[in-house]
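A look at the structure
Spelled out from the first residue to the last, the chains are:
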Amino acid sequence: MPPVCYTCQILPRLGVFGVSDMGRILVRFFLFITALATLAEQGQTAEEARLLPAGINRIRLVGVNARTVTRKLNDDGNLSSLGGANQTVDMATMAAGNPRLNELRKTVNNLLGSGQGDNLYTGNLYQDISIQQQIMGTAYEYGLSENWNIGVRLRFVRQTVRSGLKLEAVNNAPAIQSAIAANSAGNAELNAALAQVAALDAQAWENIIFRDKGYDAPSEFTTSNLGYTEVGAKYKILEGDWHYSSILMGVRVPTGKDPSLKNPLDTGTGANYWGIGAQLFQDFYVSRALSLGAAAKYEYYPTHTKTLAVPKDANETLPSLLPEAGQVQQVKRKVGGQLDAEVSTTYEFDGDFVSLWAAYQYKKKAGDRFSGTGNLYYEGLSRGTRIEAFFGEVGVGLSTISLYRKKKFAVPMAVSLLYNTTLAGSNTPAASSARVDMKFYF
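Residues numbered from 1 in each chain as written. Predicted model: local features only at pLDDT ≥ 70, side-chain atom pairs only at ≥ 80, totals over all residues. Heavy atoms only, no water.

**With respect to the overall build of the protein chain**
Summing up its helical and strand segments, the protein chain has 8 helices and 20 strands in all. Relative to its 442 residues, the protein chain shows a buried fraction of 49%. Here the protein chain displays about 19600 Å² of accessible surface, and carbon together with sulfur accounts for 57% of that area. (Helix = DSSP H or I, 4+ residues; strand = E, 2+ residues; numbered from the N terminus. Buried < 20%, exposed > 50% of the residue type's maximum accessible area, 1.4 Å probe, protein only. Areas by Shrake-Rupley, 256 points an atom, 1.4 Å probe, with all protein chains shown as cover.)

Here it is as structure tokens:
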């Protein structure tokens with residue numbers, strides 16, 4: 001965990017026919033949203049090994065502002081839109097694998113000829129989504145002894161999501177319905193199917209994809225809440241003239257808000273479950289001004305139970321929330337362990353008033369595992385939960401500690417500003433963020 005010290009079948013039926021293949025394409029982007037909680041993990045300051053001296057308190061105020069995210073690195077590591085690829089829905093696509101819809105297409109072709117059945121409907125669906133996140137945090141740390149520090153960290157998360165489904169369609173069903181009215185007067189099923197195709201507007205697609213399964217349709221919303229809380233202790237392992245090493249051990253407390261079942265874009269405020277972790281720090285002092293740092297962290301999450309909607313099979317990507325479907329279940333979830341590593345370099349100018357640093361960071365998270373009762377497709381919940389990411393970071397810091405010791409400044413404090421950006425990865429946002437830290441000592 002981040003240190004407390006320094007530094008679907010989505011369209012199961014459309015009246016008398018289904019469009020499951022198209023549904024899987026339309027909501028593919030929603031599967032990725034569940035991984036966006038990782039956005040809140042970014043913007044960590046370059047790590048350092050040193051502890052606070054015995055008897056010294058420190059309060060840290062942190063503000064992180066992430067650039068609006070519109071793209072992601074997908075499972076193959078390629079850059080793509082959060083909303084997935086824009087898609088064209090035509091009769092061939094909708095009729096594939098759906099005999100009754102294919103029968104409608106062939107009937108219209110037979111009655112009117114010239115491929116009129118193939119031209120019943122062509123729609124261009126555009127999926128737009130963007131996410132903007134802000135984090136405000138505070139931490140308190142205390143030098144318990146020369147070898148031990150203790151601390152606690154809280155964070156407040158605010159997330160704004162903008163999303164929508166736009167449709168540009170050429171719908172010839174009303175005209176064709178009129179043209180074959182005399183020939184289809186006795187065919188109630190054909191007339192009903194044509195009427196449903198004629199009614200395919202953006203509202204109808206939203207109903208079929210979301211509302212008919214118990215979800216809210218995509219819209220702009222903002223959510224704010226307390227994120228998870230961390231408590232930890234840091235121990236100095238070894239100190240020498242040219243090196244310093246320590247270890248941080250901590251517990252993550254689930255004080256945040258769970259994701260919403262009805263809104264597939266609402267991921268909650270952070271990973272709202274228990275976790276334990278350990279992080280090893282090592283600094284090397286090349287000269288008085290230049291230092292090199294390294295850190296490695298591993299987090300473990302015990303199995304916990306959450307209420308989730310579970311797919312029926314591998315073809316269903318957005319499970320039904322309707323009570324009669326029986327897909328909302330108490331599910332056992334084992335979150336995959338996470339490894340973070342970092343190397344950094346820091347240069348302090350004369351007087352230690354100004355410092356510059358750069359860091360290269362790596363994150364790897366194993367996929368989550370789910371289990372429960374019944375014959376539902378629990379494996380489907382694991383899609384998109386395996387994460388790998390590489391980050392770059394640069395920062396500048398100002399410290400008044402040396403001036404305070406010389407009685408040239410009234411308050412011992414430090415301010416740092418950093419910029420962090422995603423360089424590569426998979427199942428992770430293509431995100432950048434700016435972070436400000438203010439640290440006060442007393």
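Here the narrative resumes, following the displayed structure.
**Here we look at the pattern of salt bridges**
A pair can form between side chains of opposite charge whenever their charged atoms are brought close. Tallying each qualifying case throughout the model produces 16 salt bridges. The partner of Arg50 in a salt bridge is Glu239, and the shortest N-O contact between them spans 3.5 Å. You can see Arg50 sitting in the loop between α2 (28–33) and β1 (57–66) and its partner Glu239 sitting in strand β8 (residues 229–239), a full 189 residues away along the chain. Overall, Arg50 belongs to the partly exposed group, its relative accessible area being 32%. Residue Lys365 is joined to Asp368 by a salt bridge in which the shortest nitrogen-to-oxygen separation is 2.5 Å. (Salt bridge = Lys/Arg side-chain N within 4 Å of Asp/Glu carboxyl O.)

**Thoughts on the packing of aromatic side chains**
Across all of its chains, the model carries 6 aromatic pairs by this definition. Ring geometry for Trp242 and Phe284: centres 6.0 Å apart, planes at 20°, overall stacked. On the criterion of sequence distance, the pair formed by Trp242 in the loop between β8 and β9 (243–253) and Phe284 in strand β10 (residues 275–285) is long-range, its members being 42 residues apart. Assessed through its relative accessible area of 34%, Phe284 is described here as partly exposed. Measuring from ring centre to ring centre gives 4.9 Å for Tyr362 and Phe390, while their planes differ by 45°; the resulting arrangement is tilted. Here Tyr362 is found in strand β15 (residues 354–365), whereas its partner Phe390 is found in strand β17 (residues 387–399), with 28 residues between them in sequence. With relative accessibility at 25%, the residue Phe390 sits in the partly exposed group. The rings of Tyr360, Tyr362 and Phe390 are connected pair by pair, giving a single aromatic cluster. Directly above the ring of Phe281 sits Lys234, whose terminal nitrogen or CZ lies 4.2 Å from the centroid. (Phe/Tyr/Trp six-rings, centres within 6.5 Å; stacked < 30°, edge-to-face > 60°. Lys NZ or Arg CZ within 6 Å of the ring centre and 35° of its normal.)

**So, the sheet that holds strand β12 (residues 304–309)**
The strand order across the open sheet formed by 3 strands is β12-β13-β16, and the pairing between neighbours is antiparallel. The open sheet is flanked by β12 and β16 (369–371), the only strands paired with a single partner. Each strand of the sheet is rotated relative to its neighbour by a mean of 40°, with strand direction disregarded. (Pairing = 2+ DSSP bridges. Axes fitted to C-alpha atoms, helices over the stretch in contact; angles between N-to-C directions.)

**Quick notes on unusual backbone geometry**
Even without being a glycine, Lys407 presents a positive backbone phi close to 60°. Following the sequence through the fold, Lys407 ends up in the loop between α8 (401–405) and β18 (413–426). Positive phi outside glycine occurs at Asn427, with the angle close to 55°. Considering the arrangement of structural elements, one finds Asn427 in the loop between β18 and β19 (428–429).

**Thoughts on the environment of Ala54**
Within the fold, Ala54 resides in the loop between α2 and β1. For Ala54, a relative accessible area of 35% translates into the label partly exposed. Ala54 sits 91 residues away from Ser145 along the chain, and the two C-alpha atoms are 4.4 Å apart. Not counting residues within four places of it along the chain, the set of residues in contact with Ala54 comprises Gly143, Ser145 and Glu146. (Contact = heavy atoms within 4.5 Å.)

**Some points on the sheet that holds β19**
Taken in spatial order, the 3 strands make up an open sheet running β3-β2-β19, and their pairing is antiparallel. Each edge of the open sheet is held by one strand with a lone partner, namely β3 (79–81) and β19. Across 2 bridges, the pairing between strand β2 (residues 71–73) and β19 is antiparallel. Bridge pairing links Lys72 to Pro429 in β19.

**As for the side chain of Asn74**
You can see Asn74 is positioned in the loop between β2 and β3. Among the polar contacts made by the side chain of Asn74, one reaches the main-chain amide nitrogen of Asn78 at a distance of 2.9 Å. Those residues in contact with Asn74 that sit more than four places away from it in its chain are Ser80, Gly425, Ser426 and Asn427. (Polar contact = N/O pair within 3.5 Å; in protein donor to acceptor, adjacent residues only side chain to side chain.)

**Overview of the nonpolar core**
In this structure, Leu104, Val108, Leu120, Tyr121, Leu194, Leu200 and Trp205 are the most contacted members of the largest nonpolar core, which totals 29 residues. Elements represented by at least two residues in this core include exactly α3 (91–95), α4 (99–112), β5 (121–143), β6 (148–171), α5 (173–179), α6 (188–198) and α7 (202–209). Core analysis: the next-biggest nonpolar cluster, separate from the first, contains 8 residues, Ile129, Ile131, Phe221 and Ala431 among them. (Core = buried A, V, L, I, M, F, W, Y, C linked by side-chain atoms within 4.5 Å.)

**Points about α6**
Taken as a whole, α6 has its buried residues at Leu190, Ala193, Leu194 and Val197. Buried positions in α6, seen along its axis, are confined to an arc of 100° and lie on one side of it. (Arc of directions from axis to C-beta.)

**Points about the pairing of β9**
Judged from the 10 bridges that link them, β8 and β9 form a sheet pairing that is antiparallel. Its bridge partner being in β9, Thr229 is matched across the sheet by Val253. Counted between consecutive antiparallel strands, the loop separating β8 from β9 contains 3 residues. Where β9 and β10 come together, 10 bridges link them in antiparallel fashion. Counted as the bridge partner of Gly250 is Gly277 from β10.

**Regarding the confidence of the model for the protein chain**
Parts of the prediction with low pLDDT should not have their coordinates interpreted in detail. On average, the protein chain scores 83 in pLDDT, and the residues at 70 or more come to 86%. Put simply, α2 is where the protein chain has its lowest mean pLDDT, 39, and β16 is where it has its highest, 97. Under a pLDDT of 50 for its full length, residues 1–45 has, in the predicted model, 185 contacts with residues more than four places off or in other chains. (pLDDT = per-residue confidence, 0-100.)

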